[in-house]
Every structure is written in C-alpha cells, then in structure tokens.
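Survey of secondary and tertiary structure
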Amino acid sequence: MTGLQRLPGEHVEFVHGSQLRASDRMLNLCVTLAAISVFLVDFRFAGHLPAWMLVLWTTLMALAHAPSMRMRWANIASDYATVTRGVLLRHGAWSFLQGAVWLMAMVMFSREAHASEIVTLWTIACCLMAAVAIAYQSTPLSAVGFIVTIGGGAIWMMLKHADPLLAAVVTTYAMLLLGASLRQAHLFGIQLTTNKLLAEKREVVSLLLREHDVDASDSLWQTDIARRLTGVSPSFARMLGTNAEDLEGRSILQVLAGPSWEGGKFDPALHVLAEKLKDRVPFSDLVLPVFVSGQQRWWEISASPRIDEKGAFLGFRGVGSDITVQKESSERISQMARYDMLTNLPNRLHLTGELSSVIEQVAQWNRRCAFLMIDLDRFKSVNDTLGHLVGDQLLAQVAERLRKVCSANEICGRLGGDEFAVVIRDVPEPLYIDQLATAIIEAVSQPYLVDNHTLFIGASVGSSSAPQDGSDAETLIRSADLAMYRAKEAGRGKHLRYAPSMHADAEERRLLEVALRDALARDELHLLFQPIVAAHTTEVSGFEALVRWTHPALGPISPAKFIPVAEDARLIAPIGNWVLRTACREASQWPEDVSISVNVSVEQLYDPEFLDTVVSALAHGGLAANRLELEVTESIFLREGTGVAQLLEKLIKLGVRLSLDDFGTGYSSLGYLSRTRFNTIKIDRSFVTGAARNQRESIAIINAVVAMAQSLDMETTAEGVETEAEYDLIRALGCSKIQGYYFGRPMPAADAHALFGDNSSQVA
Ligand code: C2E
Ligand code: MG
Ligand code: MG
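Throughout, residues of each chain are indexed from 1 in the direction in which the sequence is written. To label them, take the chains in the order written and letter them from A, then take the ligands in the order written and number them from 1. Where local features are concerned, this predicted model is filtered to residues with pLDDT of at least 70; where side-chain atom pairs are given and counted, the filter is 80 or more; whole-chain, interface and lining totals use all residues. In computing side-chain properties, one takes all heavy atoms of the structure into account and sets aside hydrogens as well as water.

Only runs of H or I of at least four residues qualify as helices and only runs of E of at least two qualify as strands under DSSP, and these elements are numbered from the N terminus. Tallying secondary structure elements over the protein gives 29 helices and 21 strands in all. Rg of the C-alpha trace for the protein: 55 Å, well past the compact-globule value of 27 Å for 764 residues, more than 25% over. Principal axes of the C-alpha set define a box for the protein whose edges measure 175 × 60 × 50 Å. Burial classification: accessible surface area is computed with a 1.4 Å probe over protein chains only, and a residue below 20% of its type maximum counts as buried, one above 50% as exposed, and the rest as partly exposed. Within the protein, the proportion of its 764 residues that are buried is 47%. Counting contacts in the protein only where the partners sit at least 6 residues apart, residues at least 24 apart contribute 66% of the total. To measure how exposed things are, a 1.4 Å probe is used in the Shrake-Rupley method; for residues, cover is taken only from the protein chains shown. Accessible area for the protein stands at about 36,800 Å²; split by element, carbon and sulfur atoms hold 56% of it. For the purpose of counting charges, residues Lys and Arg are taken to be positive, whereas Asp and Glu are taken to be negative. His and the chain ends are not included. A charged residue contributes its charge at one atom only: NZ of Lys, CZ of Arg, CG of Asp or CD of Glu. Between the centroid of the 69 positive side chains of the protein and the centroid of its 86 negative side chains there is a distance of 11 Å. With the radius of gyration taken over C-alpha atoms, the globule rule is written as 2.2 Å times the number of residues to the power 0.38. We call two residues contacting when some pair of their heavy atoms lies within 4.5 Å.

Turning to the nonpolar core, a few remarks are in order. Nonpolar core, defined: a set of buried Ala, Val, Leu, Ile, Met, Phe, Trp, Tyr and Cys residues in which side-chain atoms within 4.5 Å join the residues together. Residues I596, L628 and L630 are the most contacted members of the largest nonpolar core, which totals 81 residues. If sequence neighbours within four positions are ignored, L630 has contacts with L580, V598, V600, F610, V614, L651, V656, R657, L658 and S659. L27, M69, A113 and F146 belong to the second largest nonpolar core, which has 40 residues in total.

Before going further, it helps to spend a moment on the sheet that holds strand β11 (residues 458-466). Here, any two strands with at least 2 DSSP bridges between them count as paired. Reading across from one edge, β7-β8-β6-β11-β12 is the order of the five strands in this open sheet, with mixed pairing throughout. Bordering the open sheet on either side are β7 (410-416) and β12 (495-497), each of which pairs with just one other strand. Between one strand axis and the next, the sheet turns by 20 degrees as a mean value, whatever way the strands run. Sheet analysis places strand β6 (residues 369-377) next to β11, joined by nine bridges and oriented antiparallel. If you follow I374 over to β11, its bridge partner there is V461. Under this scheme, a helix contributes an axis fitted over its contacting stretch, all axes are lines through C-alpha atoms, and angles between N-to-C directions fall in the 0 to 180 degree range. The sheet contacts of helix α16 (residues 388-405) involve β6, β7 and β8 (419-424), and relative to β8 the element is tilted by about 15 degrees. Against the sheet, helix α17 (residues 431-445) engages β6, β7, β8, β11 and β12, with an angle of about 160 degrees to β11.

This next bit is on the pairing of strand β19 (residues 680-683). Neither face of β19 is left uncovered, since the one carrying T680 and K682 and the one carrying I681 and I683 both have all their residues buried. Summarising the sheet, strand β18 (residues 657-663) and β19 pair through three bridges and their orientation is parallel. Following the sheet pairing, S659 is matched in β19 by T680.

This next bit is on the coordination of the magnesium ion (ligand 2). A donor here means an N, O or S atom no more than 2.8 Å from the metal, or no more than 3.2 Å when the metal is Na, K or Ca. Since water is not included, a site may seem to lack partners. Coordination of the magnesium ion (ligand 2) by the protein involves E544 (OE), N599 (OD1), E631 (OE) and D661 (OD), with metal-donor separations of 2.0 to 2.2 Å. In the primary structure, the donors to the magnesium ion (ligand 2) are separated according to the pattern E-x54-N-x31-E-x29-D. A distance of 3.9 Å spans the gap from the magnesium ion (ligand 2) to the magnesium ion (ligand 3), which D661 bridges by coordinating each metal. Of the two residues, E544 sits in strand β14 (residues 540-551) while D661 sits in strand β18, which places them 117 residues apart along the sequence. Summarising the burial analysis for this pair, E544 and D661 share the class buried.

Spatial ordering of the open sheet is given by β2-β1-β5-β4-β3, a layout of five strands whose pairing is antiparallel. Either end of the sheet is taken by a strand with one partner, and the two such strands are β2 (229-232) and β3 (283-292). Strand-to-strand twist across the sheet, computed as the mean angle between neighbouring axes with direction ignored, equals 30 degrees. Inspection of the sheet shows β3 paired to strand β4 (residues 295-307) by eight bridges, in the antiparallel sense.

Note that the domain bounds reflect an automated or database-derived domain assignment. Structurally, the protein comprises domain 1 (9-200), domain 2 (218-329), domain 3 (339-498) and domain 4 (512-754). Placing the centre of domain 1 and that of domain 4 at their C-alpha centroids yields a distance of 129 Å.

Right, let's get into unusual backbone geometry. In this structure, P467 follows A466 across a cis peptide bond, with omega equal to 10 degrees. Relative to the elements of secondary structure, P467 occurs in the loop between β11 and α18 (473-489). Of note in this structure, R570 is not a glycine but carries a positive phi near 60 degrees. The topology assignment puts R570 in the loop between α20 (559-568) and α21 (572-587).

This next bit is on the pairing of strand β17 (residues 628-632). Judged by how many residues are buried, β17 sits mostly within the fold: five of five residues are covered. Burial along β17 is two-sided: the residues L628, L630 and V632 and E629 and E631 are all buried. In this structure, strand β16 (residues 595-599) lies alongside β17, joined through four bridges in parallel fashion. Paired with V598 across the two strands is L630, which belongs to β17.

Taken together, the neighbourhood of ligand 1 is formed by 20 residues, with R548, N599, D661, E722 and Y741 sitting nearest. Identification of polar contacts relies on pairs of N or O atoms within 3.5 Å, with a donor-acceptor requirement for protein atoms, meaning one able to donate a hydrogen and the other able to accept it, and with residues adjacent in sequence counted only if both atoms are side-chain atoms. Within the backbone of Y741, an N or O atom sits 2.9 Å from an oxygen atom of ligand 1. When the free accessible area of ligand 1 is taken as 780 Å², the share hidden by the protein chains comes to 81%. At the level of secondary structure, the elements contributing two or more residues to the shell around ligand 1 comprise β14 and β18. Polar here means any residue outside two lists: the nonpolar Ala, Val, Leu, Ile, Met, Phe, Trp, Tyr, Cys and Pro, and the charged Asp, Glu, Lys and Arg; Gly therefore counts as polar. Tallied by class, residues from the shell around ligand 1 come to seven nonpolar, five polar and eight charged. A cutoff of 4 Å decides nearness: a residue is near a molecule or strand if any of its heavy atoms lies inside that distance of it.

What follows is about the pattern of salt bridges. Here a salt bridge means any side-chain nitrogen of Lys or Arg lying within 4 Å of a carboxyl oxygen belonging to Asp or Glu. Tallied over the full model, the rule gives 26 salt bridges. As a salt-bridge pair, K682 and E631 come within 2.4 Å of each other at their nearest N and O atoms. Highlighted residues: K682 in strand β19 and E631 in strand β17, separated in sequence by 51 residues. Residues R685 and E722 are paired through a salt bridge, measuring 3.1 Å at the closest nitrogen-oxygen approach. With R685 in helix α26 (residues 685-692) and E722 in the loop between β20 (715-718) and α28 (724-733), this pair connects stretches of sequence that are 37 residues apart. Look at R685 and you get partly exposed, because its relative accessible area is 37%.

Quick look at α26 now. When we look at burial in α26, the residues that qualify are F687, V688, T689, G690 and A691. Buried-residue contacts for α26 involve β18, β19, α27 (696-711), β20 and α28. Where α26 terminates, the next one or two residues include N694, which has phi positive at roughly 65 degrees.

What follows covers the coordination of the magnesium ion (ligand 3). Within the protein, the atoms that donate to the magnesium ion (ligand 3) are D661 (OD), D662 (OD), E719 (OE) and E719 (OE), at distances of 2.0 to 2.7 Å. In primary-sequence terms, the residues that donate to the magnesium ion (ligand 3) follow D-D-x56-E. Owing to a relative accessible area of 6%, D661 belongs among the buried residues under this scheme.

Now the structure itself:
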C-alpha cells in the first residue's frame, strides 16, 4: 500500500489508482485546512516577524501544495487509469514536503515566540496531523511523510521551548496517529481486494451468462494458465460428487477424464477439449462423458479464454451442465426412429437407408445385392382371434428366428405389421438368394408356443436383386413386394423371384380388387349348383353352391381367381354371407332330403359373427340345419388355438353338417380327421383322375380314406368324375357320393330346381 514495494503487474493501476482516488477526495478539505492554518500563523506572527519571512514561508507553502493539486487534476482527467507506483511515491514526497514547510515554520518562528504563539503552532500541528491521518488513510506513505515531519517539528519545538513531558505527549500522539494511519491503510487494502474479487465474480457470472446464453443455475468453472481449476461454482462441484475446495488446483482434464486418466484411454471428446485448451480458443457445447461415482454421465461444456487488459492469457472460464437425461432421451428417440420397438429390428426407414447404401456399394464394386420381402402367412387370423398381445409375442419370436437365420452378410428388419425384410449385402451366386429364402420359410414355419397356444404360421418370400431388377431402393422394394404377392397367390410358403411380367399381373389383380368391391352392390354375383349324387343309386343327394362373377367389361371371372383376391382384400365375409343366404333360400325350395353344400373360406371362420350368420341364413331360408353342409379345407388345422375348433363344435351342435373339401391336396394328415367330427370327406379330383390312370398311390389313398371314413362313420365324396370309367372305378373303390361333370355341371338355380320337376331326383 505504501508504494515502496512493487505490486504484481496486473494490479498496479487498479490498487494505486484506488488509493489516490480515495485520498484525493479529501484533498480539498486538507488544502482548505492548510490555508486557514497558514492564515492563522501569518496573523499571529505578523507583529514581531519580518514580513518578507512570512511572505516567503507562505509562498513556499503554496508551492508545496500546488503539485498535489495538479496531480489530482491529472488523475481525474485520466480517471486514475494511468496511476503508477511513481505517482504514488510522488504523492508521498509532496506530502513530506508540505510537512517539512510546517517543520520549517516551527523551527524558525518559535525562536522569538511567546508561549501563546507556541501553543498556536502546536495546536495547528496537532489538528493537521489528525486531519492528514484521516484524509490519507488510503495513502499511508503520504500520511507517514506528513506526520513524521510536522510531528518532528512539534516535538523539537516542545523540547526547545516547553516541557520535555509535553514533547513526550506529542511523540505519543504522533505515534498513535501513525499507527492508526497504517492500520487504516491495511484495512483499506483488504476492502479493496474484497471489492475487486466481488466485482470479478460478478463479471465472471455476467460474462458467462452473456457469452454462453445459460441460466444462473448452470455450473461455472475457471482455470488458470496451467489448466488447473481455480474456482468452480458449488453446483459444478456437486455435479462431480465432491466439493469446490477439493477441486481447487486440480487439472480440469484429469478431473473430467476420471478413471480413464490412469489408463490413458480417453474419449475423443476429451482430446478435442485438450486441443481447445492448448490452442486457447473458445469452444461451445462440447459433449463429453464424465464418470461420477462410478457412473457415466454426459456433460456439455462451453468456455472462452480469459484475457487481461493487456491481452495476456489468464486461463479459461466456462460453464458445464449435465445433459445425461436429455442425451439418453434423444438417443432413445433416435433409436425409436430407426428401430422397431417390438422386435428391436431395424425399421422400414433404417432398412431402406441401408439398402440404398448397399446398392451404392455394389455399383462401385461391380457386385450384386438382393432384397427379400417376407410376409407371414395366416398371421392376420392369429392376431384377429387371439388378440394383439399374442400377435406381438409371435412377431417377436419370428424376429428372433430371422436373426438366427441371417449372417453378417445380411441385415434383417421389420417393415411393419407382419412384413419383414432382409437386405443381402453381397450375393455370391444366384442360388444363394433361394437358399436363404428357403431357410427363412423353414425357420418361420416351425410351430410356435405363445401363451400356451401352439401356433402355426408360414411365410411367403419375394426377392429382387440389384442391379438387374432396379438401381434404387424404392424400385427394389416394390419389385420384391410384387414377387412376394405372387408367392402368396401361388399357394403361400413359397419364394418367388421378381420377374418384369409381375407388374402386369399385379395391375390386373389391383383392378380385380377394385371391381370386386362393387360386385355385390351391382348384383354381378350369382350362384350355380352342381349336383352330388349317391354312388350306387345316382340319385341327387344334394348340390354344391358355386359362386360366379360376371363383370360387365371383363366377363366371367373364375372363383379360383377372385376368391383369393376377396380373401386378401377382406371381402370374403360379405361375399360368403351372401352365398350362404342365397344358397339356403334356394335349397329350401328343394325336396327335404336334398342338401346344400356351401364353401366356406377359413377367413370366414375367424369372424366372431359367423355362427350368427349361419343361424340367420337358415332362419331366413326356412331350412333345417341338417340340410346345410359347410365345406372347409384342411388349412383350418394349421391354426390351432384360434377358436376355429370351438366354432366348428358349435356348428355341429346346431345340427349343421361339415365336410372336408379337397382332401389330399393340402397338409393331409389323417390325424386331423379324428379331431373334428366331419360328416363327409371330399376326395380331390386329382386322385380320381390319378386312379383312373391306374396310379397306385391315388388308388391307395382313396382306399385308405374310404376305409377310415367308414370306420369313423363318415361319407366320402369323389370330386371331378367326368367319365363313366371314372364313375365305375370310384364306385368300385367304395366312395359313397360322387360329384362331377359326368353327373352334371354347375347349373343355374332354375335348372337345378327343374331336376325335381318330375318328382324324380335321378340324373344321368
Ligand atoms: P371346390 O369347392 O373344390 O369346387 C369344386 C370345383 O370343381 C368347382 O370349380 C367345380 O366347377 C369344379 N368341378 C366339379 N366337377 C368337375 C369335373 O368333373 N371336372 C372339373 N374339371 N372340374 C369340376 P369352381 O366352381 O371353379 O370353383 C373353384 C373353387 O372356388 C371351389 O373349389 C371352391 O374352393 C371355390 N369356391 C367356389 N365358390 C365358392 C364360394 O361360394 N365360397 C368360397 N369360399 N369358395 C368358393
Ligand atoms: Mg367345395
Ligand atoms: Mg373341392
């Protein structure tokens, strides 16, 4: 504070400037007091001291005060910004000089003085000493300089002209003032430092808030030139699970690196931070992993270099915030955007992106890639009958199987619903696609156990490959999709490669579907009835109702073509219901021993209202339940646990008869037959023609079916008997009923009715 010692460079102007600013505030008062004192001395000694002496002394006094005043003006003009140690020392020197002029007065004027004049000088000296001790609290050198000289003069005067005891009093007084003055200076220094720190802190906070656009709850940190933490906010320390004092002086990199500091394996973000600190450049929103109490957290930090007034680098100052929660949720969102939540497989978006980049790569390396579109067969019915929870579990199991089948060369994903897909990055040879598709179909077709239900589904696969089937992801996906639809049409559980002709077929199918939606409303459907005769008597025992569709532009369309379209487009229920009602109404016109067979798609059996539909069709037609025979195919057995068996039981209880259509074409297992009480087994036409051609397997199958049917008390109907030879053979093999062109083609209702016109139900 005295200015005798040199201060560290960065504080000089601030400390000395503040010192002089404080003492200059009292300067006017001191100068006024000095002027009054000088006037008093001149007035007292005017009588017996020569005038020149007083004038000279007064002039000296004025000259000693003038530099202090001038210094003050200069300092005010520069707002104390240019105050150096020299200025402070000069301030002390002028103060010392002013004291010396007073000392001079006491030495020279007291020689001839009376006691009252000595008292005047002594009083003035005491007042001035006290005034300076108060006024120059911040500039101890000036206070000491003045008090020592003027005090010295007073002591000398007392010793010379008065009591030495009084001299001792003055000495003590002067010492006291000196002590008080130095103490005040010390306190002033402390206050200055405190104010400075406070101001700095305020500045740091406001600077950071301004620079980094953060709110006050963020954690603040600061480093020195050697990247050591020198002051962190309590919340910063809290984020690290420690307190601010423990962090003081530790390397920021070491603190943030945590345990990885020892191993030397840092996160790349920490390297970036180290580089920024080394280069002394500002950085913002740097995200890095930080280990806190053994747990990985994510922090976002921003900082700027601290520069002093002269442009020297002092360290860094920044903010940090824990963004673990935000980061985790944003990662979750991006995971959700790219992965299917149910199966954890890449979703459509992700897979399409992968396919695009794979296509680009194969184009570069002159190789081939492929896309497999997989659609689950019969999944919809599982979902519809057992509910979405079971459906979801089933999908998860399918995903697991697909994952196992696929190698590192493949990316498998879920496109949505029951559609999955596989991208083959590199197709070594064309057969590879077929092998993988077959492996997928086999894996997916194994039975599933979900919630105590044994479920059977299948898969149809369509594939396309680049570059021949398309050079972009969209085209490849569309082509594979088409191929997959064709595979479904071709009987499901198959793999088909894309062929350009599929586009035309798909278009036809689409047109068919559009037209079919209006077919019922436009009355374009009608029924034909094909007689079924008793094998031995050839008497008509019933008719099978066969639906026909005549489109105004496309003409007659075979049910073999439009029924699968109706099943896929979920149009089979309204069409099936119409068939059932119309057939029952028609059959009610026939003799009572003639039954009506109606084909029922398996999709219809999943409709919970199907039983009501049957009851209402019978009621409307006024037909006895035992005259209605529902024809179902073996595919119903592939969906165990879907409630179909229970529905069939209810139908049987109602009195409705059941027949198993097209036996031998599907998954023929004689075991099925013991589970549901069928009234009739219809042997498919292929066995009839096979037997007629003397094929041993066909004959053996017919024999086996007939034997089993007899033992289970069922009837057998042979389908598609076209010739007399076939009729003879079938009759010989023991079938109880026959249906085929030989006995009658499907015919309009009127023709069927006409058969009973002569009260005879015998045909042919
Ligand atoms: P399906 O139930 O096996 O019907 C027998 C099919 O064999 C009928 O073909 C019939 O015309 C044909 N057919 C009968 N006798 C002979 C013969 O001697 N020789 C030859 N070559 N064919 C014969 P259609 O009418 O074309 O029906 C085909 C399939 O369409 C039916 O096979 C049935 O599965 C389905 N279908 C027909 N009508 C309906 C219906 O109303 N609902 C449902 N869900 N499916 C139906
Ligand atoms: Mg049939
Ligand atoms: Mg059939």
